[in-house]
Amino acid sequence: IIGRSPAMMRLFDLVPQIAASSSTVLIEGPSGTGKELFARAIHNLSPRKRKRFVAVNCGALPDTLLESELFGHEKGAFTDAKRDKPGRFALAEGGTIFLDEIGDVSPAMQVRLLRVLQERVMEPLGGVESVPVDVRVVAATNKDLGALVKAGKFRDDLYYRIRVVHLKLPGLRERREDIPLLVDHLIGKFNHLQGKDIV
């Protein structure tokens, strides 16, 4: 994570404290501000660091696929389900699941996620028994979830469940002093990719 602006330094100070807790985290910020990098940093500094960090882009999948992706499915749950498949929550057991673009999930999926957060159990598609879940949830969005709640487009109970700890990442326009650092970093990265490392 590149930055030395006051806004970024404050975030760098906060991350270890957030990592030490087990609370659910909501990271808000414009696209490209490094939400997944911060989520990974929280995981890597946490007591869960030896277990998996599993990222899911919730906005990239339709509901039916997202449900199967998150919670898994049992053999025969639908036409092509020829065997049991664990979901991302099961893969992240003991670790951290990163739910990117949480603001894009449908009302039905919001209900499913709320149950996981409230009761710490989930049901795979086609399953009849609840499965316990031990996963830390870090969610992220480039939308204003508070405004979506007021507009009735996002459940307020889910909003308060995922916003136990709130990180607001500044856009580049709010930290212009970091631009030279980012330019140097990107030039070095592209030079390395082209085999033109500068000593």
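Source: prediction; values computed, not measured.

Asker: What is the right way to look at the overall build of the chain in this model?
Answerer: Of the regular secondary structure elements, the chain holds eight helices and seven strands. Counting over 199 residues, the chain shows a buried share of 43%. Pairs at least 24 apart in sequence give 72% of the contacts found in the chain among residues at least 6 apart. About 11200 Å² of surface is accessible on the chain, with carbon and sulfur atoms providing 53% of the total.

Asker: Please explain the pairing of strand β7 (residues 165-168) as it appears in this structure.
Answerer: Successive side chains on a regular strand alternate, one facing one side of the sheet and the next facing the other. By the alternation rule, side chains of β7 split into V165 and L167, which are all buried, and H166 and K168, of which none is buried. Note: strand β1 (residues 25-28) against β7, four bridges, orientation parallel. Pairing of V25 across the sheet is with V165, part of β7.

Asker: Looking at this structure, how should I read the sheet that holds strand β2 (residues 53-57)?
Answerer: To summarise the sheet geometry, strands pair through backbone hydrogen bonds and adopt either a parallel or an antiparallel arrangement. Pairing within the open sheet is parallel, and its five strands lie in the order β2-β3-β6-β1-β7. Lying at the two open borders of the sheet, with one neighbouring strand each, are β2 and β7. The average undirected angle you get between the axes of adjacent strands in this sheet is 15°. Sheet topology places β2 next to strand β3 (residues 96-100); five bridges connect them, and they run parallel. Following the sheet pairing, V56 is matched in β3 by L99. Each of β1, β6 (136-141) and β7 touches helix α1 (residues 6-20); the most contacted strand, β7, lies at about 155° to it.

Asker: Where do I start with the nonpolar core in this structure?
Answerer: Buried together is how nonpolar side chains tend to be arranged in soluble globular proteins. Within the largest apolar cluster, 30 residues are counted, with the highest numbers of intra-cluster contacts made by L70, F89, L99, L113 and F154. If you list the elements that add at least two residues to this core, you get β2, α3 (63-71), β3, α5 (107-119), β6, α6 (145-150) and α7 (156-162). In terms of residues, this core owes the most to one element, α5, which gives five residues. Discounting residues that sit within four places of it in the chain, L113 has contacts with L70, F71, F89, L99, I102, V105 and L158. Within the second largest apolar cluster, 18 residues are counted, among which are I18, F38, F53 and F98.

Asker: What's the story with a nonpolar patch on the surface in this structure? I'm lost.
Answerer: Where nonpolar side chains cluster on the molecular surface, the patch consists of I179, V183 and I187 and spans about 220 Å² of accessible area. You can see I187 is positioned in helix α8 (residues 179-193). Judged by its relative accessible area of 45%, I187 is partly exposed.

Asker: Which parts of the structure should I look at to understand the pattern of salt bridges?
Answerer: Proximity of charged atoms lets side chains of opposite charge pair with each other. The tally for this structure, following the rule as stated, stands at eight salt bridges. One salt bridge connects R40 with E36, and the closest N-O pair in it is separated by 3.0 Å. One end of the pair, R40, and the other, E36, are both in helix α2 (residues 35-44), four residues apart, so they sit about a helical turn from each other. By relative accessible area, which is 36% here, R40 ends up partly exposed. Salt-bridge contacts for E67 lead to R112; the nearest nitrogen and oxygen are separated by 1.8 Å.

Asker: Explanation requested: α2 in the structure shown.
Answerer: Within an α-helix, residues lying three or four positions from one another point in the same direction, as the helix has 3.6 residues per turn. Buried within α2 are the following residues: K35, F38, A39, A41, I42 and H43. Residues of α2 that are buried in the fold lie against α1, β1, β2, β3, β6 and β7.

Asker: Is there a simple way to think about the pairing of β6 in this case?
Answerer: Within β6, six of the six residues are buried, which leaves the element mostly enclosed by the surrounding structure. Residues R136, V138 and A140 point to one face of β6 and V137, A139 and T141 to the other, with burial holding for every one of them. Taken together, the four bridges between β1 and β6 define a ladder with parallel strand orientation. From the neighbouring strand, L26 faces β6, where its bridge partner is A139. Where β3 meets β6, four bridges bridge the pair, whose relative direction is parallel.

Asker: Please clarify how α3 should be interpreted in this entry.
Answerer: Taken residue by residue, α3 has L66, E67, S68, L70 and F71 as its buried positions. For α3, the secondary structure elements touched by its buried residues are β2, α4 (88-91), β3, α5 and β4 (121-122).

The rules behind each value
- Residues numbered from 1 in each chain as written.
- Predicted model: local features only at pLDDT ≥ 70, side-chain atom pairs only at ≥ 80, totals over all residues.
- Heavy atoms only, no water.
- Helix = DSSP H or I, 4+ residues; strand = E, 2+ residues; numbered from the N terminus.
- Buried < 20%, exposed > 50% of the residue type's maximum accessible area, 1.4 Å probe, protein only.
- Contact = heavy atoms within 4.5 Å.
- Areas by Shrake-Rupley, 256 points an atom, 1.4 Å probe, with all protein chains shown as cover.
- Pairing = 2+ DSSP bridges.
- Axes fitted to C-alpha atoms, helices over the stretch in contact; angles between N-to-C directions.
- Core = buried A, V, L, I, M, F, W, Y, C linked by side-chain atoms within 4.5 Å.
- Patch = residues over 30% accessible without salt bridge, like charges linked within 9 Å, V, L, I, M, F, W, Y side chains within 5 Å.
- Salt bridge = Lys/Arg side-chain N within 4 Å of Asp/Glu carboxyl O.

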